[in-house]
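This is what each chain is made of:
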Amino acid sequence: MVAFEALALVFLAGLVTDLATGLGALPFFYVDEVSDRATVALWGVASGIMLAASFFGLAREGLAYSSGLPVLLAAGVVVGIALVEVSDRLLGRLDVGGADADVDGSAVSPDVDPSAIAAGDLRTLVLVLGVLTVHSFPEGVAVGVSFAELGLGSGVPILGLTVPPLAVLMTVAISVHNVPEGLAVSIPLKAMDVGEWRMVGAAVFSSLPQPLGAVVAFSFVRVARDVLPFGFGFAGGAMVYLVLTEFVPDALEAGRDLPNRGIPAFVLGLLGGAAVMVPLLFVHVGP
C-alpha cells in the first residue's frame, strides 16, 4: 500500500512540471514576439537536459537495479519508444479543431488546436485532453519512476519525506523541457490576439496529464519493485525518442529562416543544458 503522503508529493511534483509549461507564455507579457534564435536555443537547452537525465540518470539507475544482463531495462526502452511512436501515429490521424498552424515561422502540432483550448469549448477540451493524455504520459512516467526510492534512503528532505536526488533533478528536467512546449502553444495564440493569461492557461492545460502519469508510474514501481529497471528504461527510452523525433524537428522548423537553420544555436543550447545537468547527476545520483 502506498502512503497517501507519498502519492500527494509525487502528484505535486507532476503538477510543478505541468505549471512550468505556462512559463512558456510569460515572455508575451513583455514582448510581442520571441526571436527564432531564442526559440531554437531553448529547444536545445531542453534537449540537452533531457538527454543527460535519460542517459546519466534514468539509464544509470536502471543498470544499478539490474542483475546480470539488463533485460528488463532494455525491454523498458523498447516499450517506451514503441508507445511514443504508436501514439504519434494515432495522433497524426486525429484532427482536433483542424489546426495546422504555422505562425511567424513557428511550428505547432497539427494534433491540437491551441485556439480551441483557449476558447474553452467543453467538447473540444475533453477531446484535446484525451489526445494530450497519450502524448504527455511518458513525461509524467519519467517523474513518477524517479520517485521510486521516496522515503527509503538518503536524499533531500521535502514535506517530511526523504526525496531521492534523481527525483528532484528529473522534476526540474521535465519542467525545463515543458517551457519551450508552452512557448510553441503560445506563439500562434499571440498571433490571434489571445490574452496573455489565456495563453498561460492553454499552455498549462496542454501538460495536464503529467501529474496523473507521475502518480500511476510511482504507484506501479512501488508495488512491483522487481520491475524497477523496466520503469527506468521505459522513461528513458521515451524521453530520448521524444527528443529525437519532436524536439529536434521542432527546433529545425523554428530556425528554418536562420543561417544553417539555427543548428549552431541549437547545438550550443544542447551542450549548455547537458553541461549543467551531467555534473549534478554524477554528484547526487548513486546506486
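Structure report, in brief. (Residues numbered from 1 in each chain as written. Predicted model: local features only at pLDDT ≥ 70, side-chain atom pairs only at ≥ 80, totals over all residues. Heavy atoms only, no water.)

A few words on the overall build of the protein chain. Summing up its helical and strand segments, the protein chain has 10 helices and four strands in all. The secondary structure elements of the protein chain, listed N-terminal to C-terminal, are α-α-α-β-β-α-α-β-β-α-α-α-α-α. For the protein chain, buried positions account for 51% of its 287 residues. In the protein chain, 82% of the contacts between residues at least 6 apart in sequence involve partners at least 24 apart. Of the roughly 12700 Å² of accessible surface on the protein chain, a fraction of 69% belongs to carbon and sulfur atoms. (Helix = DSSP H or I, 4+ residues; strand = E, 2+ residues; numbered from the N terminus. Buried < 20%, exposed > 50% of the residue type's maximum accessible area, 1.4 Å probe, protein only. Contact = heavy atoms within 4.5 Å. Areas by Shrake-Rupley, 256 points an atom, 1.4 Å probe, with all protein chains shown as cover.)

Although it is not a glycine, Asn 260 adopts a positive phi angle of roughly 55 degrees. Structurally, Asn 260 is set in the loop between helix H9 (228–254) and helix H10 (263–284). Overall, the relative accessible area of 59% leaves Asn 260 in the exposed class. For Arg 261, which is not glycine, the phi torsion reads 60 degrees and is therefore positive. Of note, Arg 261 is situated in the loop between H9 and H10.

The first and last C-alpha atoms of helix H8 (residues 210–223) sit 20 Å apart over 14 residues, in line with the 20 Å expected at 1.5 Å per residue. All of the buried residues in H8 are Gln 210, Pro 211, Gly 213, Ala 214, Val 215, Ala 217, Phe 218 and Val 221. (Expected span 1.5 Å × (residues − 1).)

Moving on: the side chain of Asn 178. Mapped onto the elements of the fold, Asn 178 is located in helix H6 (residues 165–191). A polar contact is formed between the side chain of Asn 178 and the side chain of His 177, at a distance of 2.8 Å. Dropping the residues within four chain positions of it, Asn 178 is found in contact with Thr 17, Asp 18, Ala 20, Thr 21, Glu 139, Ser 207 and Gln 210. (Polar contact = N/O pair within 3.5 Å; in protein donor to acceptor, adjacent residues only side chain to side chain.)

Counting across every chain of the model gives three salt bridges. Taking the shortest distance from any N to any O, the salt bridge between Glu 196 and Lys 190 comes out at 3.8 Å. Among the residues examined, Glu 196 registers a relative accessible area of 27% and is labelled partly exposed. In this structure, Glu 253 engages Arg 256 in a salt bridge whose closest nitrogen and oxygen atoms are separated by 2.7 Å. What makes Glu 253 partly exposed here is its relative accessible area of 21%. By relative accessible area, Arg 256 is classed as partly exposed at 37%. Several salt bridges converge on common partners, so that one network encompasses Asp 32, Lys 190 and Glu 196. (Salt bridge = Lys/Arg side-chain N within 4 Å of Asp/Glu carboxyl O.)

On to the nonpolar core, then. Counting 51 residues, the largest nonpolar core has Phe 147 and Leu 150 as the members making the most contacts within it. If you list the elements that add at least two residues to this core, you get helix H1 (4–20), helix H2 (36–64), helix H5 (122–146), H6, H8, H9 and H10. Among the elements that take part in this core, H9 stands out by supplying 13 residues, more than any other. Here Leu 150 is in contact with Ala 6, Leu 9, Val 10, Leu 161, Thr 162, Val 163, Pro 164, Phe 218 and Arg 222, once residues within four sequence places are set aside. Within the second largest apolar cluster, 11 residues are counted, among which are Ala 25, Leu 183, Val 194 and Ala 202. (Core = buried A, V, L, I, M, F, W, Y, C linked by side-chain atoms within 4.5 Å.)

Turning next to a nonpolar patch on the surface. A cluster of nonpolar side chains, Leu 12, Val 16, Val 156, Ile 158, Leu 159, Val 168 and Val 172, forms an exposed patch at the surface whose accessible area comes to about 530 Å². Looking at the nonpolar patch, the elements with two or more residues in it are H1, strand S3 (156–158) and H6. Mapped onto the fold, Val 168 is located in helix H6. (Patch = residues over 30% accessible without salt bridge, like charges linked within 9 Å, V, L, I, M, F, W, Y side chains within 5 Å.)

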